[in-house]
2 protein chains.
Amino acid sequence: MDRTIDSGLARLKTKLLSMGGYVEKAIEEATGGLVEGRMERFARVHEIEITINQLHKEVDEDCLHLLATQSPMAKDLRTIIAVIKINTDLERMGDQAVNIAYNAAEYMREPPIKPLVDIPRMAELARSMTRDSLDAFVQVNSELAGDVVSRDDEVDQLKNQIFRELLTYMISDPKRIEQALNLILIARNLERVGDHATNIAEDVIFIATGKDIRHGGAN
Amino acid sequence: MDRTIDSGLARLKTKLLSMGGYVEKAIEEATGGLVEGRMERFARVHEIEITINQLHKEVDEDCLHLLATQSPMAKDLRTIIAVIKINTDLERMGDQAVNIAYNAAEYMREPPIKPLVDIPRMAELARSMTRDSLDAFVQVNSELAGDVVSRDDEVDQLKNQIFRELLTYMISDPKRIEQALNLILIARNLERVGDHATNIAEDVIFIATGKDIRHGGAN
C-alpha cells in the first residue's frame with residue numbers, strides 16, 4: 001500500500017495549523033486593540049490577513065495536487081475534503097478579523113462607551129472555539145469537536161444579550177448611536193467567527209466518524 | 001478513456017442548479033415579503049431552507065462518491081472541488097435568507113419606515129448576482145463570472161449608503177432605532193449574499209481557466 005500520501009497529508013495539516021494560528025492572532029489583535037484602546041494593533045490585522053490569504057491559496061493547491069496524484073480513499077479522502085472546507089472557513093475568519101478591526105477603529109474615533117458590554121467575553125469565547133476546533137482537527141478528536149459545537153449556542157445568546165443592551169443604550173443616548181452600532185457589528189462579526197469554528201468542528205467529526213452531523217442529521 | 005464520470009458530473013450539476021434555484025427563491029420570498037409587507041412569505045423561506053440543507057448534504061456525498069470511484073483529473077477534478085465550495089456558499093446563502101426573513105419579521109412588528117431606503121434595489125442586485133453566478137457555472141462562462149465579480153463593489157457601495165442613511169434616520173428619530181437597526185442588518189445580509197455569489201463566480205473562473213483569481217492573484 002502506497003503511503004507517500006501520509007507525508008503529503010502531514011505537510012497539509014501543518015500548513016493548515018499555521019494558518020489557524022494566524023487567524024487566532026488576527027482575532028486577538030483586532031479584539032485586543034478594541035479592549036485596550038490601542039489602534040496600532042489594527043495594522044497588524046491587515047498584515048496577518050495578507051499571510052492568511054496566501055496560505056489559503058497554497059492549501060487549496062496542495063489539496064488539488066494530493067487528489068490528482070494520490071487518488072486518496074476513505075479517511076484520507078474525507079480529510080482532504082474537510083481541509084478544503086476548513087481552509088475556506090479560516091480564510092473567512094481572517095475577513096471577520098479585518099471587519100472587527102475596521103468597526104473598532106470607527107468606534108474609537110469617539111471616547112469609548114464605558115462598559116464595552118460583554119464584547120470582551122464574547123471575543124474570548126470565539127477565540128477559544130477557534131483554538132479548540134483546530135486542536136480537535138490535529139487530534140482528530142470528535143469529543144472536543146462536539147464541545148465546540150455545543151458552545152455555539154452560548155455565543156449566540158451572548159450576541160442577543162449584547163444587541164439588547166446596546167439597543168437600550170442607543171435609545172437612551174442617541175448621540176452615541178453610531179458608536180453603539182459599531183459594537184453591534186463587532187458582536188455580529190464575533191458570532192460569525194463562532195459559526196466558522198463550529199463548521200470546522202463539524203468537519204472534524206466528519207473526518208473522524210464519516211458522519212455528517214450538519215443540519216441536525218444522524219448521518 | 002472512461003467517461004462514466006460525465007454522467008456523474010451532469011447529475012451533480014443538475015442537483016447544484018436545483019439547489020441554486022431554491023436559494024434564489026428563498027431570497028425572493030424573504031425580500032419580497034419585506035417589500036410587500038406580507039409576513040406569510042417568511043414561512044416559505046423556512047420550508048425552502050430545509051430542502052436546501054438536504055441538498056447540501058446530498059451534493060457533498062455525491063462529490064465524495066465521484067472522487068472515490070472515478071479518480072477525476074484536470075478539469076473534472078477542478079469542477080468537483082469547485083462544486084464542494086459552491087455547495088457551501090449556496091447553503092450559507094440559504095442561511096442569509098432565513099436571517100433576512102427573521103429581521104424583516106422583527107421590522108414589521110411596527111408600521112414601516114416609509115422608504116425602505118435602497119434595500120429593494122440591493123435585494124434585486126444580490127439576486128441577479130446569484131442567478132448570473134449559477135448561469136456562469138452551467139455555461140462554464142468566465143466572462144459572465146467576471147461580470148458578477150465586478151458587481152460586488154456596487155453591492156458594497158449600496159450597503160454603505162444604506163448604512164449612512166439609516167444612521168441619520170436613527171439619530172433624528174430615536175423611537176425608530178430598533179426598526180432602522182433591523183434594516184441595517186438586512187442590508188448586511190444582502191451584502192453577504194453578494195459575497196457568496198462572488199465566491200461562486202470566482203470558482204467558475206477557476207474551473208474554466210485553472211486560475212485562482214482570489215485575493216487579487218494572477219494564478
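Residues numbered from 1 in each chain as written. Chains lettered and ligands numbered in written order. Predicted model: local features only at pLDDT ≥ 70, side-chain atom pairs only at ≥ 80, totals over all residues. Heavy atoms only, no water.

S.K.: In this structure, what is going on with unusual backbone geometry? I would like to understand it.
M.R.: Note: most peptide bonds trans; most residues except glycine with negative phi. All names here are of chain B. With a phi angle near 45 degrees, A74 is a residue other than glycine that sits in the positive phi range. The phi dihedral of V117 is positive, around 35 degrees, even though this residue is not glycine. Note on placement: V117 falls in the loop between α3 (74-107) and α4 (119-139). Of the residues examined, V117 reaches a relative accessible area of 19% and is grouped as buried. (Helix = DSSP H or I, 4+ residues; strand = E, 2+ residues; numbered from the N terminus. Buried < 20%, exposed > 50% of the residue type's maximum accessible area, 1.4 Å probe, protein only.)

S.K.: Even after reading the chapter, I still don't get the nonpolar core, so can you show me in this structure?
M.R.: Note on soluble globular proteins: their nonpolar side chains tend to be buried together. One finds L90(A), I119(A), M170(A), L90(B) and M170(B) to be the most contacted residues of the largest nonpolar core, which totals 147 residues. For this core, the element with the most residues is helix α6 (residues 177-209) of chain B, which contributes 17 residues. Those residues within four positions of I119(A) in sequence are excluded, and the remaining contacts are L34(A), I162(A), L183(A), I186(A), A187(A) and L190(A). (Core = buried A, V, L, I, M, F, W, Y, C linked by side-chain atoms within 4.5 Å. Contact = heavy atoms within 4.5 Å.)

S.K.: Just to check I follow, could you spell out the interface of chain B and chain A for this structure?
M.R.: For interface size, the figure often reported is the accessible area lost on association. Contact residues are listed per partner, giving 41 residues for chain B and 41 residues for chain A. Where chain B abuts chain A, roughly 3,700 Å² becomes buried across the two surfaces, and 63% of that area is made up of carbon and sulfur atoms. Applying the counting rule to chain B against chain A returns six salt bridges. D60(A) is the salt-bridge partner of R214(B), the closest N and O atoms lying 2.8 Å from each other. Of all the elements in the fold, those that place two or more residues in the side of chain B that touches chain A are α2 (41-70), α3, α5 (142-172) and α6 of chain B. Element by element, the count of residues in the side of chain B that touches chain A is highest for α6(B), at 11 residues. For the side of chain B that touches chain A, a count of residues per class yields 18 nonpolar, 11 polar and 12 charged. (Buried area = accessible area lost by both parts, 1.4 Å probe. Salt bridge = Lys/Arg side-chain N within 4 Å of Asp/Glu carboxyl O. Nonpolar A, V, L, I, M, F, W, Y, C, P; charged D, E, K, R; others polar.)

The values reported here are purely geometric and, on their own, carry no functional implication.
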